[in-house]
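Notes for the structure review
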Amino acid sequence: QVQLVESGGGLVQPGGSLRLSCAASGRLFSINPVDWYRQAPGKQRELVAGITSSGNTNYVDSVKGRFTISRDNAKNTVYLQMNSLRPEDTAVYYCRLRLPVGGFWGQGTQVTVSS
């Protein structure tokens, strides 16, 4: 069993920054890809960024150049650095450990961008 715990969310003004963390238990974490998703009220959950075990990354177009995903396998942790935040980035952010079949989700952390 794998447990994922997100942290780092909060209230920030437009243009501000936050760094989210996703900490995991178990040995599966460091050898599999990890993704960050978000879900805004009334909207479907969307993939924001992903990182493979070797560090290759991908981003949705709306966050390219503003968000950076990284991982520290020694700490079993994946990060999402979010800069130049916009009100439309407001959502609950989830991390997901992607396995060959299925995966595991964290409980989510709220990010609110508002003045």
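Refer to the structure presented above.
The paragraphs below set out a description of the structure included in this document. (Residues numbered from 1 in each chain as written. Predicted model: local features only at pLDDT ≥ 70, side-chain atom pairs only at ≥ 80, totals over all residues. Heavy atoms only, no water.)

1. Examining the overall build of the protein chain
- The secondary structure content of the protein chain amounts to zero helices and 11 strands.
- Written out in order from the N terminus, the α and β elements of the protein chain read β-β-β-β-β-β-β-β-β-β-β.
- Relative to the compact-globule value of 13 Å for 115 residues, the protein chain shows a C-alpha radius of gyration of 13 Å, a close match.
- Seen along its three principal axes, the alpha-carbon backbone of the protein chain occupies a region of about 40 × 25 × 20 Å.
- Looking at the protein chain as a whole, 42% of its 115 residues qualify as buried.
- Sequence separation of 24 or more characterises 52% of the internal contacts of the protein chain that already satisfy a separation of 6 or more.
- Accessible surface computed for the protein chain: about 6000 Å², of which carbon and sulfur atoms make up 48%.
- Each charge class in the protein chain can be summarised by its mean position, and for the 12 positive and 7 negative side chains these summaries are 4 Å apart. (Helix = DSSP H or I, 4+ residues; strand = E, 2+ residues; numbered from the N terminus. Rg over C-alpha atoms; globule rule 2.2 N^0.38 Å. Buried < 20%, exposed > 50% of the residue type's maximum accessible area, 1.4 Å probe, protein only. Contact = heavy atoms within 4.5 Å. Areas by Shrake-Rupley, 256 points an atom, 1.4 Å probe, with all protein chains shown as cover. Lys, Arg positive; Asp, Glu negative; His and termini not counted. Charge placed at Lys NZ, Arg CZ, Asp CG, Glu CD.)

2. Focus on the state of the cysteines
- Per the stated rule, a full pass over the model turns up one disulfide.
- There is a disulfide in this structure between cysteine 22 and cysteine 95, and the S-S distance comes to 2.1 Å. Judged by the sign of its S-S torsion, about 65°, the bond between cysteine 22 and cysteine 95 is right-handed. One end of the pair, cysteine 22, is in strand β3 (residues 18-24); the other, cysteine 95, is in strand β9 (residues 91-98), with 73 residues separating them in the sequence.
- On the basis of relative accessible area, cysteine 22 is assigned to the buried category, the value being 0%.
- Residue cysteine 95 is classed as buried on the basis of its relative accessible area, which comes to 0%. (Disulfide = S-S within 2.5 Å.)

3. A word on the sheet that holds strand β7 (residues 67-72)
- The four strands are arranged β1-β3-β8-β7 in an open sheet whose pairing can be described as antiparallel. Among the strands making up the open sheet, the edge pair consists of β1 (4-7) and β7. Adjacent strand axes in the sheet meet at a mean angle of 15°, parallel and antiparallel pairs treated alike.
- Where β1 meets β3, four bridges bridge the pair, whose relative direction is antiparallel. Directly across from valine 5, in β3, lies its bridge partner alanine 23. (Pairing = 2+ DSSP bridges. Axes fitted to C-alpha atoms, helices over the stretch in contact; angles between N-to-C directions.)

Read these as spatial facts, not as claims about activity.
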